[in-house]
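As a plain string of letters, each chain reads:
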Amino acid sequence: MRNLFLCLALALLAACGAEPKWSSDAEVARATYVHNGPPSITLFTVVSTTNGSGAHSGLLINGSQRVMFDPAGTWRHPALPERNDVHFGITPKMVDFYIDYHARETFDVYEQTVVVSPQVAEMAMQRAMANGAVGKAMCTHSITQILRGVPGFEELPATYFPKKLMNSFAKLPGVTGRKITDTDADNNHGVLLVQAGDPRLE
């Protein structure tokens, strides 16, 4: 019965879906973006406004370059190469696109950031790149598996539940955060097309 309940609970994490991809070396090199901010790890958590449940987790890593690890996620952008859930070329505009894609009437986005050493950021990024494509409903679990092997994050729980990870991440030393809301209608299926022609890409 307990296993059945767990399976049903995981199935409810509907924001997670996956598809293996592998962009070429040339595409990745062309898109590489180095952010001038401090090395950091940012956890994004998508939370339902209707029942308060967690729906998805994503990880922004700012190291020798800035990448978005969006395990089993449905977000994508035509200008960004991707390798198995790791998106390259994450400029501030792309972070805005990522947030805008997830924040809507029925979902809020929580952003939590921890400044780390360059070595820790690089380790987290390499672990994300080596992780491989993530299966449906495994988004949060994959992030915990990556972070728990990185210094300073060892005490995070191994969990499948976005809010449990979010609450534990909030206890890390030096963490800063914000809540992002959006009053757009609960229909983001056209957001990706809008992004493709957005003048902010110029």
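Residues numbered from 1 in each chain as written. Predicted model: local features only at pLDDT ≥ 70, side-chain atom pairs only at ≥ 80, totals over all residues. Heavy atoms only, no water.

(A) Summary view of the packing of helix α5 (residues 139-147) against helix α6 (residues 162-169). Interhelical geometry of α5 versus α6 gives an angle of 35 degrees and a closest axis separation of 9 Å. Of the two elements, α5 crosses α6, and the hand of that crossing is left-handed. Here α5 contributes Thr140, Ile143, Thr144 and Leu147 to the contact with α6, which in turn contributes Pro162, Leu165 and Phe169. Taken together, the residues of the contact of α5 with α6 sort by class into five nonpolar, two polar and no charged. (Axes fitted to C-alpha atoms, helices over the stretch in contact; angles between N-to-C directions. Helix = DSSP H or I, 4+ residues; strand = E, 2+ residues; numbered from the N terminus. Left-handed = near helix turned anticlockwise from the far one by under 90°. Contact = heavy atoms within 4.5 Å. Nonpolar A, V, L, I, M, F, W, Y, C, P; charged D, E, K, R; others polar.)

(B) Summary view of the pattern of salt bridges. Scanning all chains against the criterion turns up four salt bridges. Salt-bridge contacts for Asp25 lead to Arg83; the nearest nitrogen and oxygen are separated by 2.4 Å. Taken together, the positions of Asp25 in helix α2 (residues 25-31) and Arg83 in strand β4 (residues 82-83) put the pair 58 residues apart, joining distant regions of the chain. Asp25 gets classed as exposed once you look at its relative accessible area, which sits at 59%. (Salt bridge = Lys/Arg side-chain N within 4 Å of Asp/Glu carboxyl O. Buried < 20%, exposed > 50% of the residue type's maximum accessible area, 1.4 Å probe, protein only.)

(C) Quick look at the nonpolar core. Ranked by size, the top nonpolar core spans 28 residues in total, and within it Ile41, Leu59, Phe69, Leu147, Phe153 and Phe169 carry the most contacts. For this core, the secondary-structure elements that each account for two or more residues are β1 (40-48), β2 (54-62), β3 (66-69), β5 (86-88), α4 (118-131), α5 and α6. Among all residues touching Phe153, those that are not within four sequence positions of it are Ile41, Val114, Val116, Val120, Leu147, Arg148, Phe169 and Leu172. (Core = buried A, V, L, I, M, F, W, Y, C linked by side-chain atoms within 4.5 Å.)

(D) Fine view of the sheet that holds β4. Strand order across the open sheet formed by seven strands is β4-β5-β3-β2-β1-β6-β7, with antiparallel pairing between neighbours. Only two strands of the sheet have a single partner each, and these edge strands are β4 and β7 (176-180). With five bridges connecting them, strand β6 (residues 107-115) and β7 associate as antiparallel partners. Counted as the bridge partner of Tyr110 is Lys179 from β7. Each of β1, β2 and β6 touches α6; the most contacted strand, β1, lies at about 135 degrees to it. (Pairing = 2+ DSSP bridges.)

(E) Representation of unusual backbone geometry within the structure. Residue Ala72 is not a glycine yet carries a positive backbone phi of 55 degrees. Position of Ala72 relative to the elements: it lies in the loop between β3 and β4. One non-glycine residue with positive phi stands out, namely Ala137, at about 70 degrees. Within the secondary structure, Ala137 is located in the loop between α4 and α5.

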